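Architecture and fold: a report
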Amino acid sequence: MTERPAVPGDSSFDNTPLEPALGRELPVQRPGWRRQLLVLLAVAGGLGILALARWLAAIPSLDIVLLPTVSGPPTVLSTSIPALEPMVGRAPIVLRNADGRELQVDEMLTERSPRWQVDDTMRAQLIARQEALAAVLEGREVFVEFRNGIEVPVPARPRGYGGLGLLFWPLAGLALAVALVGAFVVLARPQGRNLLYLTVVLCQAATLLIIAVGSMRGLGLPAGFATLEPIARMALDLATGAAVLHAFTLHPRPLPHRLVIAAAGWLPVLLLPALAHAGGLQQVWWWTQGTMLAQGAAALATISWSYRLEPNPFSAVLRRLGFIAVGAFALVTLGMAAAAGTPGPPGTIAAAGSLIWTLFLSSLLLLVPFLSRSRLALRELAMLAGIGTIAISLDLLFVAIFSLGQLTSLTLAVLLALGAYTVSRQWILNQTIGAEVLTTERSFEQLYRVARELQKQPARYSTLVAELLRDLFEPLEVLRLERDSPRASVVGGGAALIVPVRGARGGSRPLSLVLRFARRGQRLFSRDDARLAERVVEQLRRAVAYDQAVERGRNEERLRIAQDLHDDIGARLLTLMYQSPTPEMEDYIRHTLLDLKTLTRGLAAAEHRLSHAAAEWKADLTQRLTAAQVQLGWSVEYDRDVRLTVVQWSAITRVIRELVTNALYHGHATRVDVQVMLAGARLTLAVSDDGDGRDPQSWAHGLGMGGVRKRVKLLAGEVRWRENTPRGIVCEVLVPDFQAPEDDA
C-alpha cells in the first residue's frame, strides 16, 4: 500500500462541486448566498416561463386537431369550436381570412419541427405554410372551407392558457430543472469545465422550450417561429456537441492539444448556422446530423484517450454513456433518413422521435453530476427515454424498409424495446453507471477473514483494514492520509473514497485511507459504498475493542492468580522449607520456590523480551540439570530482540520444560542440548539428548507429548521427533510465521 502524508489535488479530485480537498484543510464556505441566488434564479426562471406562456396565450389560433391521412388532405379529429363540431371527420381544404389571405390545408400544417425535415424543399415548404397560417390567423375572422362548398366562419381568438396543450408545461418545467442543475453546479464550484456543462444544459433547456412551443394544441404558431426554429435548433445542437467535446478535453483531466481539439469542435457552430441562414448550404439536415455524429465520435475518442492516460472510472462511465448517446442519435438519424423517402412520411412519429431523443439527452445530463449517488428516479428516466428513442427509431425503420402500417410497426417496435428493457435493465444500469453494490456474501467472507487475522495480530489493524477495502473494492491505488475524517465520503464524483480508520480510537494518531479508482478504474464509488465501508470499519473496530477487553480480562485474571500463588502457595512452601527435616527436602522445596517465582513473574508480565526469557530458561535448566548431574548445551540466536506475548512465552517455556523432563526421566540422558533460533519470522527450537530413547514413531503419545503438540499448534507451528546420532532423541519445533507484537508496526 502506498503511503503518503497528503494527497495532491489532482484532476481526479476535482470532478464534483461537493468534494473536500484532500491533503489540506479548506476554509468552510457558507452556502447562504449561493442558495439564495439559486432560489432567485428559480423564481426568475418560473416567471420567465409564465411570461412566455402569457405571450403564447395571447396569439390567435384555431383549436382544430387535424389527423393526417395516407392519401388526401387531413381530417378534423377534434375541436372545441362549436361551429366546427359538426365537421369532425371531414377534411377542410382552405383557410381564408377577411383580408383575402388564404391557405390550402394539407399534412404540412400538422408538422411543427422544420429542424428535423430531411429534404430542403420540404423544409422550405413547411416554413412557408406555417408562416402563411400565422398571417391568415392575424385577421379578425377565419373562414374554414370544406368540400361541397361548405364554409364555416370562425372568429380568430387568442389561444388562451388552455390552448397551450398538455405537453407545454411538463416540457417547460423540465427545461427549467435542467437549467437550474447547471446553475447549481457552477455556483457550487465555478470553473471552466462546469461552465461548459452549463453551456450544454442551457442549450438543451432552450431546445426543450422550442419543442414546448411547437407542441401547442391546434393550428397556429407565433409569426417567425417556423423560420427561426431550424436555425436556432441547429445552432443549439451543434453547440451541445462542441461543448461536450471541449469538456472531455478538460475533464476528468486536461489533455494535450486540448485547444486544437476544442477549436475543431466549435468551428462548425460558427460556420454552419451562418451558411444555412444565408442560403449558402445545401442538404442542411445531412450537414447538421453528420457534424453532430462527427462531434460525438471525436468526444468518444477524446474520453477514451483520457482513460488510457489515467484509468479514472469517471472517464469510463462517461465513455459508456457517450457510446449510448451517440448510438441512439445515430439510430434516430437512420430512422428519419429512411422514413424521408417513403410516401406519406409519418410526421407525428418523426416529431415524437426528436422529442424523445431530446428527453433522453436531457436525462443523461441531469444524471452526470449525481453519478455517485443513488438517483434511481433519474436513472430510470434515462433508461425509459433511451428505450423510447429506440422504439421510435425502429418504428420509422419498419415503416420505411418493410412498408408496414403505422400501427403495426409502432406496436412491433414498442414490444421489442420493452422486451430489451425487461431483459437487460439491471445489466445496462450496472454497465453504464458502474455503481453496483457489492454482495452481502462477498462482504461477509472478506470481513470474517480479516477479523480472524485481527484476532491474531491486533496491532496490524490499519494494514488489515486497507487489505479488506482493497479486496472489496479493487482500487488501483490506496493512499494513507494523516488526517481524521468524520465519516466515509465519496469524492471526485465517485473517483475516490475516503475511509477514516483510526479517528475513533483513543490515543492513536488520525489516519484515513483514500481509495482511488474502484474495480481497477472501471467503476465509480457510490454513497452505498461509503456506508458499507463505514460499517466494515466499525465492525473491525468493535472486534479490536472486544479483543482488547478480553485481553485486559485475561491479564487481570493472570495477575490475580499470580498474586494468589505468591501469597498463599509461596508462603506455605516457605514455611515447609524452614521446617524440613532433612537438607535434601529443604533443597527440593527451595528449587520449587524458585520455579514458582519464575511462573508468577511470567504470569504477571504482559510481555517478555526474548533475551530476558532466554536468560530465565537457561537459568531454570541449569539449576535443574545441575541437580541431576546432567550437562547442558545452550545456544540462542536471533536477528532482533522481539517481545513475546504471554501466550508465546508460556507455550515455549512449557515446551522446553516438558522436553527436558522427558530426556531426564525417560531417556536417562547425561547431556541435553537446547538451540533457539529466530531468523526473520521463522522460529526454530531443537532439544536433543544422548539418552536411551529410540524409534519415536512407535511411541504412545501421553499427556506430555500431547501437551507439547497442543502448545506448538497454538503457535501455528509443527513439531517432530527423530533419533539422534549416535544415540538419543532430537525434538524439533518449527514456527514459520512467528508474529511478535513488535513486528506489527
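Let me begin by describing the structure that accompanies this report. None of these values were measured; they are calculated from a predicted model. (Residues numbered from 1 in each chain as written. Predicted model: local features only at pLDDT ≥ 70, side-chain atom pairs only at ≥ 80, totals over all residues. Heavy atoms only, no water.)

This part is about the overall build of the protein chain. Of the regular secondary structure elements, the protein chain holds 19 helices and 20 strands. Per-residue burial for the protein chain yields a buried fraction of 47% across its 745 residues. Counted over contacts in the protein chain with a minimum sequence separation of 6, partners at least 24 positions apart contribute 72%. Within the structure as shown, the protein chain displays about 35,800 Å² of accessible surface, and the carbon and sulfur contribution to it stands at 61%. (Helix = DSSP H or I, 4+ residues; strand = E, 2+ residues; numbered from the N terminus. Buried < 20%, exposed > 50% of the residue type's maximum accessible area, 1.4 Å probe, protein only. Contact = heavy atoms within 4.5 Å. Areas by Shrake-Rupley, 256 points an atom, 1.4 Å probe, with all protein chains shown as cover.)

Here the focus is the sheet that holds strand S17 (residues 671-679). The strand order across the open sheet built from five strands is S15-S17-S18-S20-S19, with neighbouring strands paired in mixed fashion. Looking at which strands have only one partner, the edges of the open sheet turn out to be strand S15 (631-638) and strand S19 (718-723). Strand-to-strand, the axes of this sheet are offset by a mean angle of 10°, without reference to chain direction. In terms of strand pairing, S17 meets strand S18 (residues 682-689) through eight bridges, oriented antiparallel. Counterpart to Val676 in the pairing with S18 is Leu685. Here helix H17 (residues 610-627) sits on the sheet in contact with S15 and S17, set at roughly 175° to S15. (Pairing = 2+ DSSP bridges. Axes fitted to C-alpha atoms, helices over the stretch in contact; angles between N-to-C directions.)

Quick look at the pairing of strand S5 (residues 92-97) now. Summarising the sheet, S5 and strand S7 (residues 141-146) pair through five bridges and their orientation is antiparallel. Residue pairing in the sheet places Asn97 in a bridge with Val142 of S7.

Cis geometry marks the peptide bond from His251 to Pro252, where omega comes out at 10°. Note that the residue after Thr725, namely Pro726, is joined by a cis bond; omega there is 5°. The phi torsion at Phe517 lies on the positive side, around 65°, for a residue other than glycine. The phi dihedral of Ala716 is positive, around 65°, even though this residue is not glycine. By the secondary structure assignment, Ala716 is in the loop between helix H19 (703-714) and S19.

All right, on to the side chain of Thr249 then. Among the structural elements, Thr249 can be located in helix H5 (residues 225-250). Looking at Thr249, the relative accessible area reads 0%, which means it is buried. A polar contact of 2.5 Å, which involves the side chain of Thr249, links it to the backbone oxygen of His246. Apart from the residues within four sequence positions on either side, Thr249 is in contact with Pro254, Leu255, Arg258, Ile261 and Thr302. (Polar contact = N/O pair within 3.5 Å; in protein donor to acceptor, adjacent residues only side chain to side chain.)

Before going further, it helps to examine the sheet that holds strand S6 (residues 102-104). With respect to topology, four strands assemble into an open sheet ordered S6-S5-S7-S8, the strand pairing being antiparallel. In this open sheet, the two edge strands, each paired with only one partner strand, are S6 and strand S8 (151-155). Looking at each pair of strands side by side, their axes are set apart by 20° on average, direction ignored. Sheet strands in contact with helix H2 (residues 120-136) are S5, S6 and S7, and its direction is about 145° off that of S6.

Another aspect to go through is helix H13 (residues 461-473). Helix length check: H13, at 13 residues, gives a terminal C-alpha distance of 18 Å against a target of 18 Å (1.5 Å per residue), a fit within 8%. Listing the buried residues of H13 in full gives Tyr461, Ser462, Leu464, Val465, Ala466, Leu468, Leu469, Leu472 and Phe473. Where H13 terminates, the next one or two residues include Glu474, which has phi positive at roughly 50°. (Expected span 1.5 Å × (residues − 1).)

Where helix H4 (residues 192-214) meets H5, the closest approach of the two axes is 9 Å, and the angle between their N-to-C directions is 155°. By the criterion of interaxial angle, the relationship of H4 to H5 is roughly antiparallel. Between H4 and H5 lies a crossing of left-handed hand. In the contact of H4 with H5, the residues fall into 15 nonpolar, six polar and four charged. (Parallel < 35°, antiparallel > 145°, perpendicular 65-115°, else oblique. Left-handed = near helix turned anticlockwise from the far one by under 90°. Nonpolar A, V, L, I, M, F, W, Y, C, P; charged D, E, K, R; others polar.)

Bringing the packing of aromatic side chains into the picture now. Scanning the model with the defined rule gives seven aromatic pairs in all. Ring geometry for Trp116 versus Phe329: centroids 6.4 Å apart, planes at 70°, classification edge-to-face. Residue Trp116 is located in the loop between S6 and H2, and its partner Phe329 is located in helix H8 (residues 313-340); the two are separated by 213 residues in the primary sequence. Just as Trp116 is buried, Phe329 falls in that class too. For the pair Phe168 and Trp169, a centre-to-centre distance of 5.1 Å together with 85° between the ring planes defines the contact as edge-to-face. (Phe/Tyr/Trp six-rings, centres within 6.5 Å; stacked < 30°, edge-to-face > 60°.)

From the geometry alone we can't say anything about function, so treat these as descriptive.
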